[in-house]
Amino acid sequence: MNNVVVDLRALHRNRSDQPSYHLASEDHLRIQVFNLFDKEKLGDWICEGNALITVIGGEVVVSVDGKPERVSELCQAVIPTGRPFRVTAENGSATVQIVWTPPFAKINDINA
């Protein structure tokens, strides 16, 4: 990671044309950003590690164990190890940052 401080709003403005990108891949965590179209989803996944989801722009529905909850801009959702989850953009496009720990924990697509 080159920068110690990251301006999430600037990323949202300046990199919205990229479907996804990494901010960091370090010894103990990986930071990935996803730009989602309206109704686009990530998952259904089960991660063999933890995930922290931060909504940078827009609004998403995060479902954990099949229970949906709206998550708005600058709010977070914590996904514990082994819990099935999905992120769906709602009411337009959305940008989410996912912090994975450990950085390359296995992610299982439960619909595959």
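Residues numbered from 1 in each chain as written. Predicted model: local features only at pLDDT ≥ 70, side-chain atom pairs only at ≥ 80, totals over all residues. Heavy atoms only, no water.

## Quick notes on the pairing of strand β6 (residues 76-79)
Note the cut-off: Buried, partly exposed and exposed residues are distinguished by accessible area as a fraction of the type maximum, computed with a 1.4 Å probe on protein chains only: under 20%, between the cut-offs, and over 50%, respectively. By definition, any uninterrupted DSSP run of H or I lasting at least four residues is a helix, any uninterrupted run of E lasting at least two residues is a strand, and each is numbered from the N terminus. DSSP calls a pair of strands paired once it identifies at least 2 bridges connecting them.
Burial of β6 is one-sided: the residues A77 and I79 facing one way are buried, the residues Q76 and V78 facing the other way are not. One ladder, built from four bridges, connects strand β4 (residues 50-64) with β6; its direction is antiparallel. Its bridge partner being in β6, I53 is matched across the sheet by A77.

## Concerning the pairing of strand β3 (residues 41-47)
Note on strand geometry: in a regular strand, side chains alternate between the two faces of the sheet. By the criterion of burial, β3 is predominantly enclosed, with five of the seven residues buried. Two elements, β3 and strand β7 (residues 85-101), share four bridges in a ladder whose sense is antiparallel. For K41, the partnering residue across the bridge sits in β7 and is T88. Alignment of β3 against strand β8 (residues 107-109), held across three bridges, turns out to be antiparallel. Bridging across to β8, C47 finds its partner in I107.

## Describing the confidence of the model for the protein chain
Formally: Residue-level confidence of the predictor, termed pLDDT, takes values from 0 up to 100.
When pLDDT is averaged along the protein chain, the result is 93; 97% of the residues meet or exceed 70. Ranking the helices and strands of the protein chain by mean pLDDT puts strand β5 (residues 67-72) first, with 97, and helix α1 (residues 8-14) last, with 87.

## Quick look at the pattern of salt bridges
Note the following rule: Here a salt bridge means any side-chain nitrogen of Lys or Arg lying within 4 Å of a carboxyl oxygen belonging to Asp or Glu.
This structure, assessed with the given rule, holds six salt bridges. For the salt bridge of K39 with E90, the shortest nitrogen-to-oxygen distance reads 3.6 Å. Remark: E90 occurs in strand β7 and K39 occurs in the loop between β2 (30-36) and β3; sequence separation between them is 51 residues. Classification of E90 by relative accessible area gives buried; the value is 15%. A salt bridge links K41 to D44; its shortest N-O distance comes to 3.9 Å. When salt bridges that share partners are traced, they join K39, E59, R70 and E90 into one network.

## Some thoughts on the environment of A89
Heads up, the condition is: By definition in these notes, contact holds between two residues if any of their heavy atoms fall within 4.5 Å.
If you trace the backbone, A89 turns up in strand β7. You can call A89 buried: its relative accessible area is 0%. Along the sequence, A89 and E73 sit 16 residues apart, while their C-alpha atoms lie 12 Å from each other. Those residues in contact with A89 that sit more than four places away from it in its chain are L36, F37, D38, K39, E40, E59, V60 and A94.

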